[in-house]
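# Descriptive structure summary
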Amino acid sequence: MTKATIAGALAVDTALDVLFGDGNSIRFEDCWLRDHCRCSSCYHSDTFQRANHILEIPDATILNIESNETQIDVEWSDNHKSTYTAEFLSKFDYKTWKESKRLKPVLWHGDISDKIAKVHVDEFLKSVDGAKHVFQSLLDYGVALIEGVGVSEEATEEVCKALGGVQHTIFGGMWKFTTRADHADTAYTNLPLAAHNDNTYFTEAAGLQILHCLEHTNGTGGETILVDGFYGANQLNKELPEDFKFLTTFNVEAEYIEEGHHHTYSAPVIRVDNDTGDLVQIRFNVYDRAAMAFRNSNDCRSYYRSLRSLAKHYENISNQWRFKLKPGTVMAMDNFRVLHGRTGFSGSRVLCGSYVARSDWLDRARALALIQ
Ligand SMILES: C[N+](C)(C)CCCC[C@H](N)C(=O)O
Ligand SMILES: O=C(O)CCC(=O)C(=O)O
Ligand SMILES: [Fe+2]
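Residues numbered from 1 in each chain as written. Chains lettered and ligands numbered in written order. Predicted model: local features only at pLDDT ≥ 70, side-chain atom pairs only at ≥ 80, totals over all residues. Heavy atoms only, no water.

A separate point is the site of ligand 1. Lining the immediate environment of ligand 1, one finds 14 residues, of which Asp-185, Asp-198, Asn-199, Tyr-201 and Asp-288 sit closest. A distance of 3.0 Å separates an oxygen atom of ligand 1 from a polar atom in the side chain of Asn-285. Between ligand 1 and Asp-288, the relevant distance is 2.9 Å, taken from a nitrogen atom to a side-chain nitrogen or oxygen of the residue. With respect to the detected pockets, ligand 1 is housed in the largest cavity. Of the residues that constitute the shell around ligand 1, the class distribution is six nonpolar, five polar and three charged. (Near = heavy atom within 4 Å. Polar contact = N/O pair within 3.5 Å; in protein donor to acceptor, adjacent residues only side chain to side chain. 1 Å grid on protein atoms, 1.4 Å probe; cavity = no way out; pocket = protein on both sides within 12 Å on 5 of 7 lines; lining within 4 Å. Sits in = over half its atoms within 2 Å of the grid points. Nonpolar A, V, L, I, M, F, W, Y, C, P; charged D, E, K, R; others polar.)

Below, the structure written as structure tokens:
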């Protein structure tokens, strides 16, 4: 991008119209400008924080402006003086600004093994390019594989830390699970699990789920099932918009109960960004649905109809990617988007892994300049 320049600035009532060298023009309200003064008494540039309470910012008016190619100087009615650089102001064109914040998931269905990142652990942990490759794959497809990892909880933990940090929940930080009932949950059995998102009963579901199959011996089955929750939701919107709409507005309650714990949370199954229409989160878990009461017959019937309509996309075998996790390969997936499951199995199957908070993995992606 070329460097932003200012071609002119004109005060109009309580706002300032700034014309940029590229022909674009942006209107800034005076209250916004006063709030965004970057002088040292208004902004701590070392901590990137505002210095004043919003109630302390004076309701000042613009007395005078002077501009050149690179900046605008404003003199305020309370004698304060502010300087705004062209580069700073140019970032606040609403459309461009909003667009720059959008994530751009690449919707998929079926086998995506040749699309996603498969990065060797040394490359992931030690090189910026390796890390970028993994996080870009998580942003694009919601899945990434890290290969050549030591077949141990310790080696897996290193990967979890680098993906944003281990998130502690009732299941622990790093967890290891097999068919022993360490928690009151079907994951700790050999039963099949249809595609689902974890933690629908938490106020904030885990951002990533990381799984490493440490062992599967003397048995069969235990295939991993992944399906793009956004693809299914999108298909539903095209095919049955009413069902889609219902799932974006109706609060479906979920719960998790075990000795000493009772988690419950109620929210729409499909969360959409109201401004952009972008899909933000899927909260789909048929097992962890709580028993609930309905306001009326219509809501009750819509609940079953629309959940089944969505489920059909997730259970459609041609939408799913099925494969066998192997010791040494760590799988990370976006639990806000991708649903996971497994087929039933026999034999001794041991997995370990952790959750990572969404805030924390997006923080990594931002630090790598992959998103804004
Ligand atoms: C991942 N780990 C083995 C710790 C537990 C899984 C919890 C499963 C729970 N039914 C849910 O879907 O959230
Ligand atoms: O056993 C598996 O592969 C996954 C089980 C599961 O859904 C989970 O641990 O959240
Ligand atoms: Fe799960």
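Around ligand 2 sit Phe-177, Ala-187, Leu-193, His-196, Asp-198, Gln-209, His-340, Arg-342, Arg-349 and Leu-351, and that is every residue in its neighbourhood. With respect to ligand 2, the side chain of Asp-198 contributes an N or O atom lying 2.9 Å from an oxygen atom. In this structure, an oxygen atom belonging to ligand 2 sits 2.9 Å away from a side-chain N or O atom of Gln-209. Relative to its free-state accessible area of 290 Å², ligand 2 is covered by the protein chains to the extent of 95%. Secondary structure elements with two or more residues in the shell around ligand 2: β12 (193-196), β21 (338-342) and β22 (348-356). Split by residue class, the shell around ligand 2 holds four nonpolar, three polar and three charged. (Areas by Shrake-Rupley, 256 points an atom, 1.4 Å probe, with all protein chains shown as cover. Helix = DSSP H or I, 4+ residues; strand = E, 2+ residues; numbered from the N terminus.)

This part covers the domain arrangement of the chain. It is common to report an interface's size as the accessible area lost on association of the parts. You can read the domains of the chain as domain 1 (6-94) and domain 2 (117-367). Measuring from the centre of the C-alpha atoms in domain 1 to the corresponding centre in domain 2 gives 44 Å. (Domains from an automatic or database assignment.)

Summarising the metal site, the iron ion (ligand 3) is bound by the protein donors His-196 (NE2), Asp-198 (OD) and His-340 (NE2), whose distances to it range over 2.1 Å. What makes His-196 buried here is its relative accessible area of 6%. A relative accessible area of 12% means that Asp-198 is categorised as buried. (Donors = N, O, S within 2.8 Å, 3.2 Å for Na, K, Ca; no water. Buried < 20%, exposed > 50% of the residue type's maximum accessible area, 1.4 Å probe, protein only.)

Now for the pairing of strand β6 (residues 62-67). As defined by bridge partners, β6 adjoins strand β7 (residues 71-76) across five bridges and the pair is classed as antiparallel. Residue pairing across strands places Ser-67 opposite Ile-72, the latter belonging to β7. Linkage of β6 to β7, two consecutive antiparallel strands, is achieved through a turn of three residues. (Pairing = 2+ DSSP bridges.)

At a closest axis distance of 9 Å, the pairing of helix α8 (residues 241-249) and helix α9 (residues 297-315) adopts a crossing angle of 110°. Accordingly, the angle class assigned to the pair α8 and α9 is roughly perpendicular. Residue-level contacts link Glu-242, Asp-243, Phe-246 and Leu-247 of α8 to Asp-299, Ser-302, Tyr-303, Arg-305, Ser-306, Leu-307, Ser-309 and Leu-310 of α9. Its residues assigned to classes, the contact of α8 with α9 comprises five nonpolar, three polar and four charged. (Axes fitted to C-alpha atoms, helices over the stretch in contact; angles between N-to-C directions. Parallel < 35°, antiparallel > 145°, perpendicular 65-115°, else oblique. Contact = heavy atoms within 4.5 Å.)

Mapped onto this numbering, the UniProt entry gives "domain: TauD/TfdA-like" (unreviewed entry) at residues 120-355. Across residues 120-355, helical content stands at 29% and strand content at 30%; the span's end C-alpha atoms are separated by 21 Å. (UniProt positions renumbered as here; feature names shortened; annotations may be inferred.)

Reading across the sheet, the six strands line up as β9-β10-β20-β13-β22-β11 and stay open at both edges, with mixed pairing between neighbours. In the strand order of this sheet, the two ends are held by β9 (117-120) and β11 (175-177), each with one partner. Direction aside, neighbouring strands of the sheet carry axes that sit 25° apart on average. Sheet analysis places strand β13 (residues 208-217) next to strand β20 (residues 330-334), joined by five bridges and oriented antiparallel. Its bridge partner being in β20, Leu-208 is matched across the sheet by Asp-334. Of the strands in this sheet, β10 (143-147), β11, β13, β20 and β22 are in contact with helix α6 (residues 153-162), which crosses β22 at around 30°.

Next up on the list: the pattern of salt bridges. Counted under the stated rule, the structure contains 14 salt bridges. Between Arg-180 and Asp-182 there is a salt bridge, with the nearest N and O atoms lying 2.9 Å from each other. Classification of Asp-182 as partly exposed rests on a relative accessible area of 37%. In this structure, the salt-bridge partner of Asp-243 is Arg-305, at a minimum N-O distance of 2.8 Å. (Salt bridge = Lys/Arg side-chain N within 4 Å of Asp/Glu carboxyl O.)

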